[in-house]
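# Secondary and tertiary structure notes
Spelled out from the first residue to the last, the chains are:
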Number of protein chains: 2
Amino acid sequence: MPFVDQNSVTDIAIIGAGTIGASWASYFLARGFRCRVSDPAPDVPERVRTFVTQSWGALTELETATTSIDDALSRLSFWDDPVTAVAGAQFTQENLPEKLDLKRDMLKRLDAALAADRIIASSTSGLTASSMQESMAHPERLVIGHPFNPPHLMPLVEVVGGERTSAEAIRWTADFYDLLGKKPIVLKKEVPGHIANRLQAALWREAVHLVLEGVGSVEDVDKAVSLGPGLRWAFMGQHMIFHLGGGEGGMGHFIDHIGPAVQTWWNDLGSPDVSPGMRAALLVGLREATEGRGYSELAEWRDEKLVRLLKTLRPQAE
Amino acid sequence: MPFVDQNSVTDIAIIGAGTIGASWASYFLARGFRCRVSDPAPDVPERVRTFVTQSWGALTELETATTSIDDALSRLSFWDDPVTAVAGAQFTQENLPEKLDLKRDMLKRLDAALAADRIIASSTSGLTASSMQESMAHPERLVIGHPFNPPHLMPLVEVVGGERTSAEAIRWTADFYDLLGKKPIVLKKEVPGHIANRLQAALWREAVHLVLEGVGSVEDVDKAVSLGPGLRWAFMGQHMIFHLGGGEGGMGHFIDHIGPAVQTWWNDLGSPDVSPGMRAALLVGLREATEGRGYSELAEWRDEKLVRLLKTLRPQAE
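Reading the values: rules and limits
- Residues numbered from 1 in each chain as written.
- Chains lettered and ligands numbered in written order.
- Predicted model: local features only at pLDDT ≥ 70, side-chain atom pairs only at ≥ 80, totals over all residues.
- Heavy atoms only, no water.
- Axes fitted to C-alpha atoms, helices over the stretch in contact; angles between N-to-C directions.
- Helix = DSSP H or I, 4+ residues; strand = E, 2+ residues; numbered from the N terminus.
- Parallel < 35°, antiparallel > 145°, perpendicular 65-115°, else oblique.
- Contact = heavy atoms within 4.5 Å.
- Left-handed = near helix turned anticlockwise from the far one by under 90°.
- Least-squares fit on C-alpha atoms with pLDDT ≥ 70 in both.
- Pairing = 2+ DSSP bridges.
- Buried area = accessible area lost by both parts, 1.4 Å probe.
- Salt bridge = Lys/Arg side-chain N within 4 Å of Asp/Glu carboxyl O.
- Polar contact = N/O pair within 3.5 Å; in protein donor to acceptor, adjacent residues only side chain to side chain.
- Nonpolar A, V, L, I, M, F, W, Y, C, P; charged D, E, K, R; others polar.

Residues and elements named next belong to chain A. Contact pair helix 8 (residues 196–212) / helix 13 (residues 276–290): the axes reach a minimum separation of 10 Å and the direction vectors enclose 80 degrees. One finds that helix 8 runs roughly perpendicular with respect to helix 13. Where helix 8 abuts helix 13, its residues W204, V208, V211 and L212 lie against M278, A281 and L282.

Between helix 12 (residues 250–268) of chain A and helix 13 (residues 276–290) of chain B, whose axes approach to 11 Å, the crossing angle comes to 130 degrees. Relative to helix 13 of chain B, helix 12 of chain A is oriented oblique. When the axes of helix 12 of chain A and helix 13 of chain B are compared, the crossing they make is right-handed. Seen from helix 12 of chain A, the contacting residues are M251, G252, I255, D256 and W266 of chain A; seen from helix 13 of chain B, they are M278, R279, L282, L283 and L286 of chain B.

Before going further, it helps to spend a moment on the relation of the copies chain A and chain B. Note on the copies: chain A fits chain B at an RMSD of 0.0 Å, the axial shift is 0.0 Å, and the rotation between them is 180 degrees. Both copies of the chain, as the preceding transformation shows, are related through a two-fold rotation axis. Comparing interface residues between copies, 100% of those in chain A also lie at the interface in chain B; the contact surface is shared.

Turning our eyes to something else, we now look at the sheet that holds strand 1 (residues 11–15) of chain B. Residue and element names in this part refer to chain B. Ordered in space as 3-2-1-4-5-6-7-8, the 8 strands form an open sheet in which the pairing is mixed. Edge strands, defined here as strands with exactly one partner in the open sheet, are strand 3 (76–78) and strand 8 (183–186). Taking the axes of each pair of neighbouring strands and ignoring which way they run, one obtains an average angle of 25 degrees across the sheet. By the bridge criterion, 5 bridges tie strand 1 to strand 2 (residues 34–38) in an arrangement that is parallel. Residue pairing across strands places I15 opposite S38, the latter belonging to strand 2.

Quick look at the interface of chain A and chain B now. Contacts between the two partners involve 107 residues from chain A and, on the opposite side, 107 residues from chain B. Around 10600 Å² of area is buried between chain A and chain B when both sides are counted, 71% of it from carbon and sulfur atoms. Linking E206 of chain B and R198 of chain A is a salt bridge whose minimum nitrogen-to-oxygen distance equals 2.8 Å. Where chain A packs against chain B, one counts 40 residue pairs in polar contact (both at pLDDT 80 or more). Residue assignment for the side of chain A that touches chain B shows that the elements contributing at least two residues are strand 8 (183–186), helix 8, helix 9 (218–226), helix 10 (230–233), helix 11 (238–245), helix 12, helix 13 and helix 14 (295–317) of chain A. Broken down by element, the residue count for the side of chain A that touches chain B peaks at 17 residues, all from helix 14 of chain A. A per-class count over the side of chain A that touches chain B returns 61 nonpolar, 26 polar and 20 charged.

Any link to function would need more than the numbers given here.
Right under this line is the structure:
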């Protein structure tokens, strides 16, 4: 059965409004939608309004938002009952805590109440759609739409279905994010952590290894990213980087010539575990690296750079 | 014994002028030095002059170069005999092919001819200083100064000594690159691939795994970098990213809450080898990803983005 026309979506439900939900709300409001938020925490209306208000400057600078903040806040509503919230929406983005039982119960309730032509997307980073759709009457409409944090700024959304999700629902969801200005990628298979978090975890594992082995400080290992390969990762993935590293001969030439060296490095990569010793070593290194700069100062520095970078790259990322 | 005063360096010898040597020459010329190049290949003078000329626009745009290209080329000389090349220089950057015997022989010759107060830096990515300094009379002056390609644009230089390198030589070399406007990091220990290439290899290994497992196409796995975590890697390493990911509680809070999920992903990371099957799969994926765009077009796109990015980030990277 066909899903609702994407161009007819005017209202989006946000179920669960922690950091991810609030950031999604900012983005949807910026793109002109009405947002219907439901979250049992008593401070949610205040927190979400504050988040939206604080994010509006960056969204305006990036030309993602084109209305006043007052107009945006007038399109934001809060609902005690999640079923009422989704009933008035043509698309639902679920962002509950990463607890399977919690998500399953909520999805079952929403599914039972919603017309069958409505998609439900889940922001989950750690769970699979297959594990969440078990008790749904319409499991075909459950799609994972995993944003990269923070959703209101990062272009990437990973889209993947479960065993019982329909191909049409996956396509609908990817197309809808695309229509909104996001850059969705569709995974062909469920896998723990989707793609981006696994790549990030792989990089971090070696970064942790090099600190624990005493090769470099936390600060220097970080610099080895941001002053070197990281400058390309902002606009290219590693496959294309090595393809161009092979010159006219491309990836084939690269593998024939540099492949043996890469294999040597692969064989030597570390595999530390998350542990109390590792935690302690990183805390010592971060104390040096942060040089007394606290969270607010560093977060502000990060966000200012990110917006500047997005502005620089965006005209070409299309 | 003390090394030559860094501020008295006027001439730099480039031994081996392939891609890395030519790019170092561009950088040193841009910073106002005379460059004495020695490489047995007959087309080297033409190739290096062409490289410098083509790189001058970007170097000028970045304000790394402040003279005319004619002035730069007038400071570039070519020498058949590497010993003559280094004899007139106060600093030597060696960039021979990655063959241990070749490098060892050359370093022995240069070492025998040079005053003991001159540093020799090697650009090697795959060899250790310990393995190259064996037959030198003054092994204490051999330091690895591994640039990230291309050296004329990338800020990072990895500095590391061998067992017999002096601490003073390592400090001298790091300070000298710093004086030139590079961003050196000093490794506390020799390790195959230094730091940046290992981090890049770790990321690529998982990227290859996800393609081989059929989770995502080459193009989509690349997008999962450049539209997500890569946007931060251009200005932050993963340690600081996760430290801020923990909010006010920092890395400790992050590990306590997200650590178990990260451990799950670490346990599930792939470990493919460089193989004919892997090579073939990547070539198929790159054919789709490049959509007929050839090397020149893609390399131009890459370099234009890189310069734009460096311009955007540089005022803050200091």
